Amino acid sequence: EQIGVEQGLLDDTIADKVPTDPVPVEDFGGVNLGMQSAKQRELDDTIADKTLTDSQLKDEETDTVPTISQMYPRGTDLIKLFESKNKTGEPYLEAYKDPSTGIMTIGLGNTKIDGRAVKKGDKITYDKAIQLFNESLRESIDELNDLKSFLPEGVKFSKGFESALISILHNSSPKKIKFIKDKKTGKQKETRGFKALKKGDLKAFSKELFDPKVGIVSAGGKVRQGLVKRRQQELQFLDPSERYDIK
């Protein structure tokens, strides 16, 4: 319970400190989470059409194949910022209860260890934490590729949008992006965001993800300011043509 209290204080601290504007390099330990430079855009264009195959995922530590963190540095850096101990990038090596969801968590935002749910008292090594993080990133890549498969022909995400989605998918279930329960029937129906995605309307899709009122900003039935700040930081990764019009 003490860990949960400390995590709650950390969440409040992050919510107050994470700005909505692009973040200077020096603000987060040398990690630049802001918008792309021209050089970065050129690099992104070079690898934008590459999709990691199963064999590449298994051998992603080789020198010739870029790792997920290398392909999506801003997305993975943002995950580490929010999920690490005191914004240091260091994982939690002992399980704690997430104050927003009440779910036992460990490492860098992981809720499972080798297929089972994290439970109170679980401890892991640093190497195990990195392994779990990489496994969760691979799952996020699969979920990202699934979303991309619904885009109309000729429409694609920018590399920045993909980085933002990697962060969201690590933090939330892809079901939240696709489906919502109908209040009248109780059955699952497609979200406005998912409908916009299938039409290729990336601005409307981004609103349903990042907007402080209608975006993916709730946990445990309540709007969480930490999630609001996180979504606004992710929004900065998108190209201007993909961002919804903020009034």
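Please read all numbers here as calculations on a predicted model, not as lab measurements.

A few points about the layout of surface pockets
Now for step 1: By volume, the second largest pocket amounts to about 550 Å³.
Now for step 2: For the second largest pocket, the lining is made up of 20 residues, of which Lys176, Ile180, Thr191, Glu208 and Val214 are closest to its centre.
Now for step 3: Listing elements by their share of the lining of the second largest pocket, those giving two or more residues are helix 8 (174-178), strand 5 (179-181), strand 6 (188-190), helix 9 (192-199) and helix 10 (202-210).

Some words on the confidence of the model for the protein
For residues with low pLDDT, the predicted coordinates do not support detailed interpretation.
Now for step 1: Looking at the protein as a whole, its pLDDT mean stands at 81, while 74% of the residues score no less than 70.
Now for step 2: Across the protein, helix 9 holds the top mean pLDDT of 98, while helix 2 (residues 38-47) sits lowest at 43.
Now for step 3: Confidence drops under pLDDT 50 across residues 1-63; counting only partners more than four residues distant or on other chains, this segment forms 89 contacts.

A few points about the pairing of strand 2 (residues 104-107)
Now for step 1: Across three bridges, strand 1 (residues 92-97) lies against strand 2 in antiparallel orientation. Counted as the bridge partner of Tyr92 is Gly107 from strand 2.
Now for step 2: Hairpin connection, strand 1 to strand 2: the antiparallel pair is bridged by six residues, and Gly102 has positive phi, about 80 degrees.

Examining the pattern of salt bridges
Now for step 1: In the structure shown here, the tally under the stated rule is 14 salt bridges.
Now for step 2: Here Asp122 ties to Lys119 by a salt bridge, and the two come within 3.4 Å at their closest N and O atoms.
Now for step 3: Asp122 sits in the buried class, given a relative accessible area of 8%.
Now for step 4: In this structure, Glu208 and Arg192 form a salt bridge, with 3.4 Å as the shortest nitrogen-oxygen distance. Of the two residues, Glu208 sits in helix 10 while Arg192 sits in helix 9, which places them 16 residues apart along the sequence.
Now for step 5: Each member of the salt-bridge network shares a partner with another, and the members are Glu83, Arg230, Arg231 and Glu234.

Details of the packing of aromatic side chains
Now for step 1: According to the stated counting rule, one finds seven aromatic pairs in the structure shown.
Now for step 2: Between Phe161 and Phe210 the ring centres are 6.1 Å apart and the planes differ by 50 degrees, which places this aromatic pair in the tilted class. Taken together, the positions of Phe161 in helix 7 (residues 159-171) and Phe210 in helix 10 put the pair 49 residues apart, joining distant regions of the chain.
Now for step 3: Look at Phe161 and you get buried, because its relative accessible area is 0%.
Now for step 4: Judged by relative accessible area, which is 0%, Phe210 ranks as buried.
Now for step 5: Joined through ring pairs, the aromatic side chains of Phe157, Phe161, Phe205 and Phe210 make up one cluster.

Focus: the side chain of Ser140
Now for step 1: Looking at the secondary structure, you find Ser140 in helix 6 (residues 126-148).
Now for step 2: In this structure Ser140 touches Ile166, Leu169 and His170, once residues within four positions along its chain are discounted.

Reading the values: rules and limits
- Residues numbered from 1 in each chain as written.
- Predicted model: local features only at pLDDT ≥ 70, side-chain atom pairs only at ≥ 80, totals over all residues.
- Heavy atoms only, no water.
- 1 Å grid on protein atoms, 1.4 Å probe; cavity = no way out; pocket = protein on both sides within 12 Å on 5 of 7 lines; lining within 4 Å.
- Points joined across faces, edges and corners; volume = space filled by probe spheres on them.
- Helix = DSSP H or I, 4+ residues; strand = E, 2+ residues; numbered from the N terminus.
- pLDDT = per-residue confidence, 0-100.
- Contact = heavy atoms within 4.5 Å.
- Pairing = 2+ DSSP bridges.
- Salt bridge = Lys/Arg side-chain N within 4 Å of Asp/Glu carboxyl O.
- Buried < 20%, exposed > 50% of the residue type's maximum accessible area, 1.4 Å probe, protein only.
- Phe/Tyr/Trp six-rings, centres within 6.5 Å; stacked < 30°, edge-to-face > 60°.

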